[in-house]
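# Coordinate analysis (summary)
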Amino acid sequence: MIKLSTYFLCCFLIAGLVSCGADSATNNELTPETGIPVTVTNISIGSLVENIELNATSVFQLKSFIKANATGYLQSVNAELGKYINKGQQVFVIKTKEAEALGNTINVLDSSFRFTGMVHIKSPGSGYVTTLNYRIGDYVQDGEQLAIISDKNSFAFLLELPYELKPFLAGNKNILLKLPDGIQLNGYVASLMPTVDPVSQTQSIVIKVNSNQQIPEGLIAKVVLVKESKSNVITLPKEAVLTDEVQGEFWVMKLIDSITAVKVPVKKGLENGSNVEILSPVFQPNDKIILTGNYGLSDTVKVLVIQQ
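From a predicted model like this one, the values you see are computed outputs, not experimental measurements.

Let us look at the overall build of the protein chain. When helices and strands are counted, the protein chain shows 3 helices and 21 strands. In the protein chain, buried positions account for 33% of the 308 residues. For the protein chain, restricting intrachain contacts to residue pairs at least 6 apart in sequence, the fraction spanning at least 24 positions comes to 73%. Per element, the accessible surface of the protein chain, about 19000 Å² overall, is 54% carbon and sulfur.

Take a look at the structure:
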């Protein structure tokens with residue numbers, strides 16, 4: 001009786017083990033093969049422009065200096081820093097030191113003489129007052145500089161262009177300038193300075209802008225120069241193109257089926273901030289190129305495509 005019980009117990013244990021093994025095998029068959037999560041993109045065909053961004057500084061090229069033409073005391077100052085002054089507008093009135101000393105003595109002696117001793121100084125040009133050295137009551141001498149007027153019509157941006165980039169100016173009749181506050185201005189090359197900085201080997205380029213808004217001197221703007229442009233080129237997003245540490249080789253990860261990606265070397269051409277021209281190989285519109293999740297992938301790898 002004991003042997004019979006032992007026999008049934010062994011049969012029960014064997015059946016349980018077989019059942020567990022079968023369940024385990026079934027579970028393994030139902031578990032999908034997982035891969036590295038990635039997103040994919042396709043090629044685009046269109047125009048591509050490669051730009052160069054350089055800095056340009058706003059300047060007033062012409063400045064008018066208002067000087068005292070007599071020695072005396074300032075009786076009137078019709079100027080403030082930042083104020084716009086028109087050409088011919090009275091800015092200063094000086095009472096000569098002789099008139100200050102004599103007072104009304106001469107007029108008392110001869111009223112027809114009408115001596116005032118007042119000297120009126122007018123602005124030689126139109127512009128903004130950028131320097132003001134004296135105020136009412138100050139004593140000034142003949143020839144002293146009283147103020148500086150920055151000529152509005154002489155306003156421009158000065159671009160220090162590396163001399164090796166000078167050939168690109170020929171294709172940039174119209175130039176885009178980006179101000180720090182996001183405003184974009186259209187400009188054009190007005191003149192080129194006939195000298196080159198011996199240290200930096202840059203040439204000063206004067207860029208005039210078509211704008212009536214007041215722009216302060218010393219503002220740094222981004223100048224966008226078109227280096228090269230092409231039409232009907234194959235492009236990929238910049239994130240899809242990988243490179244080595246020295247940027248000597250470039251490649252993309254391309255799907256060859258729904259779960260497998262392989263490394264494909266590419267030769268790139270133009271590029272801008274978001275897209276890269278692919279010169280070779282020739283990809284088809286339905287080819288799927290990994291966009292994100294591609295960094296550090298091996299030559300052949302299993303991936304899991306997720307929706308963007």
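What follows picks up the thread again.
Right, let's get into the confidence of the model for the protein chain. When pLDDT is averaged across the protein chain, the result is 84; 83% of the residues are at 70 or more. Across the protein chain, the element-wise mean pLDDT spans from 47 in helix α1 (residues 2-30) up to 95 in strand β17 (residues 250-255). Note on residues 17-32: pLDDT is under 50 here. Beyond four places in sequence and across chains, it has 0 contacts.

Here a ring pair, both rings aromatic, is described through the centre-centre distance and the interplanar angle of the planes. Inspection of every chain in the model, using the stated rule, returns 5 aromatic pairs. On the basis of an interplanar angle of 55 degrees and a centroid distance of 6.5 Å, the ring pair of F60 and Y128 is categorised as tilted. Residue F60 is found in strand β2 (residues 44-60), and its partner Y128 is found in strand β8 (residues 127-132); the two are separated by 68 residues along the sequence. Residues F60 and Y128 agree in their burial class; the two are buried. By way of ring pairs, the aromatic residues F60, Y84, Y128, F155 and F157 are connected into one cluster. When the ring centre of W251 is taken as reference, the NZ or CZ atom of K263 above it lies at 4.2 Å.

We now examine the environment of E239. Inspection of the secondary structure assignment puts E239 in the loop between β15 (220-237) and β16 (242-243). Judged by relative accessible area, E239 falls into the exposed class, the value being 51%. Taking the C-alpha atoms as reference points, E239 and G293, 54 residues apart in sequence, are found 9.8 Å from one another. Discounting chain neighbours no more than four positions away, the residues touching E239 are L291 and N294.

Rules behind the numbers
- Residues numbered from 1 in each chain as written.
- Predicted model: local features only at pLDDT ≥ 70, side-chain atom pairs only at ≥ 80, totals over all residues.
- Heavy atoms only, no water.
- Helix = DSSP H or I, 4+ residues; strand = E, 2+ residues; numbered from the N terminus.
- Buried < 20%, exposed > 50% of the residue type's maximum accessible area, 1.4 Å probe, protein only.
- Contact = heavy atoms within 4.5 Å.
- Areas by Shrake-Rupley, 256 points an atom, 1.4 Å probe, with all protein chains shown as cover.
- pLDDT = per-residue confidence, 0-100.
- Phe/Tyr/Trp six-rings, centres within 6.5 Å; stacked < 30°, edge-to-face > 60°.
- Lys NZ or Arg CZ within 6 Å of the ring centre and 35° of its normal.

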